[in-house]
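Topology and contacts: notes
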Amino acid sequence: MYDYFLGGSHNFAADRAAADRVLEIFPETGVAAQTNRHFLRRAVRYAAEQGVRQFLDIGAGLPTQGTVHEVVQTVAPEARVVYVDYDEVAVSYAGQLLAGVPGTAVVQGDLRRPDELLAHPDVRATLDLDRPVAVLLLAVLHFVPDDDDPWAAIARLRDATVPGSHLVLSHLTLDGIPPELAERGQAVYRNSTAPLVPRTHAETLRFFAGYDLVEPGLVETTRWRPDDEAKAVDSHGYAGVGVVSRPAADNRRITAACGTA
Ligand SMILES: C[S@@+](CC[C@H](N)C(=O)[O-])C[C@H]1O[C@@H](n2cnc3c(N)ncnc32)[C@H](O)[C@@H]1O
């Protein structure tokens, strides 16, 4: 559905039918998906300009239309990018698209199992966890229900990365949407293979526990350091970038004291 919203050709009839139902309710969804990709480009360029040379893109989907390695390698040709998705089809397509592309790897992995993901031989071979890594979680956390505790998964990724590492995150929200409209939109996704979990600003902000948020903080997606490409539209999303500023042991002590990740 997301590929269809972006105007791509890697989608099936059932995806298109469901996506058309979403578009009837939220006609701006295609534009919102593009604003997410624009944010991705601004944020990864920002991280590369801060000196980050390693990127772990979890829930990467299909690496087309302005990919992470293309953006960061314009800043630093030696930068390395691992694309992760749990979807077999996405991983297989991505593997074909990126075969032989230097500095990239494609891994099948699940955000909800961060230890397995970090231990994957291709992750280990491509990324050096003793050096800063930008963990990218764009438009993926809203597929992970609260019961799977995505906050704990992010805390684990944070603690596995050294100070100077970044978290780049975007998330669907229905803040500000009339409840009956929100309910109709969610009903379409309830019948899809990937039910949606939109979150409020406060719930999304909790993902940045233990990170220092860079300016302008967690904001509506188009407002994060806009450039000429960023149009002021309703993105139905929040976006932000955080930086690990303390060693993991300090974060664990704070977690124990406050009872929260
Ligand atoms: C809407 S796409 C986002 C693609 C890309 N990150 C972007 O922002 O353009 C969401 C992707 O997340 C993947 N995904 C959902 N849950 C996941 C999980 N628990 N672990 C890894 N990938 C997941 C889906 O398979 C899909 O490819």
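Located above this text is the structure these notes cover.
Keep in mind that what you see is a predicted model, and the values were worked out from it rather than measured. (Residues numbered from 1 in each chain as written. Predicted model: local features only at pLDDT ≥ 70, side-chain atom pairs only at ≥ 80, totals over all residues. Heavy atoms only, no water.)

**Concerning the nonpolar core**
Within the largest apolar cluster, 31 residues are counted, with the highest numbers of intra-cluster contacts made by Leu56, Ile58, Val82, Leu111, Leu137, Ile154 and Leu167. Those elements that place two or more of their residues in this core are β1 (54-58), β2 (80-85), β3 (104-108), α6 (114-119), β4 (134-138), α8 (150-159), β5 (166-172) and β8 (237-244). In terms of residue count, α8 provides more of this core than any other element does, four residues in total. Apart from the residues lying within four places of it in its own chain, the contact partners of Ile154 are Leu137, Leu141, Leu167, Leu169, Phe207 and Tyr211. Of all hydrophobic cores here, the second largest spans 28 residues; its members include Val52, Phe55, Val168 and Val243. (Core = buried A, V, L, I, M, F, W, Y, C linked by side-chain atoms within 4.5 Å. Buried < 20%, exposed > 50% of the residue type's maximum accessible area, 1.4 Å probe, protein only. Helix = DSSP H or I, 4+ residues; strand = E, 2+ residues; numbered from the N terminus. Contact = heavy atoms within 4.5 Å.)

**Regarding the packing of aromatic side chains**
Within a pair of aromatic rings, the relevant descriptors are the distance that separates the centres and the angle that separates the planes. On inspection of all chains with the given rule, the structure shows four aromatic pairs. Plain terms: the ring middles of Phe39 and Trp224 are 5.5 Å apart, the flat faces sit at 85° to each other, and that makes the pair edge-to-face. Here Phe39 is found in helix α3 (residues 29-49), whereas its partner Trp224 is found in the loop between β7 (219-220) and β8, with 185 residues between them in sequence. Owing to a relative accessible area of 0%, Phe39 belongs among the buried residues under this scheme. The exposure class assigned to Trp224 is buried, which follows from its relative accessible area of 0%. When the ring of Phe208 is compared with that of Tyr211, the centres are 6.5 Å apart and the planes differ by 80°; the resulting orientation is edge-to-face. Residues Phe208 and Tyr211 agree in their burial class; the two are buried. Aromatic rings pair up to connect Phe39, Tyr46 and Trp224 into one cluster. Across from the ring centre of Trp224, 5.4 Å away, lies the NZ or CZ of Arg225, which sits over that ring. (Phe/Tyr/Trp six-rings, centres within 6.5 Å; stacked < 30°, edge-to-face > 60°. Lys NZ or Arg CZ within 6 Å of the ring centre and 35° of its normal.)

**Some remarks on the pairing of β5**
Counting buried residues in β5 gives seven out of seven residues, a clear majority hidden from the surface. A two-sided burial pattern is seen for β5, the buried positions comprising His166, Val168, Ser170 and Leu172 on one face and Leu167, Leu169 and His171 on the other. As judged from the five bridges shared by β4 and β5, these two strands associate in the parallel manner. When the bridges of β5 are listed, Val135 appears paired with Leu167. For the segment spanning β4, α8 and β5, crossover handedness is right-handed. (Pairing = 2+ DSSP bridges. Right-handed = clockwise from strand over helix to strand, strands pointing away.)

**Remarks on the packing of helix α2 (residues 13-25) against helix α9 (residues 179-190)**
In contact at an axis separation of 9 Å, α2 and α9 are set at 175° when each is read in the N-to-C sense. In this view, α2 runs roughly antiparallel relative to α9, as classed from their interaxial angle. Facing Ala18, Arg21, Val22 and Ile25 of α2, the residues of α9 in contact are Leu181, Arg184, Gly185, Val188 and Tyr189. Residue classes in the contact of α2 with α9 are distributed as six nonpolar, one polar and two charged. (Axes fitted to C-alpha atoms, helices over the stretch in contact; angles between N-to-C directions. Parallel < 35°, antiparallel > 145°, perpendicular 65-115°, else oblique. Nonpolar A, V, L, I, M, F, W, Y, C, P; charged D, E, K, R; others polar.)

**Some remarks on the site of the ligand**
Taken together, 17 residues lie near the ligand, and Tyr2, Asn36, Arg37, Gly59 and Asp85 sit nearest. Between Tyr2 and the ligand, the recorded distance is 2.6 Å, taken from a side-chain N or O atom to an oxygen atom. Across the complex, the protein chains shield 92% of the 600 Å² of accessible surface that the ligand would expose by itself. When its residues are assigned to classes, the shell around the ligand shows eight nonpolar, four polar and five charged. (Near = heavy atom within 4 Å. Polar contact = N/O pair within 3.5 Å; in protein donor to acceptor, adjacent residues only side chain to side chain. Areas by Shrake-Rupley, 256 points an atom, 1.4 Å probe, with all protein chains shown as cover.)

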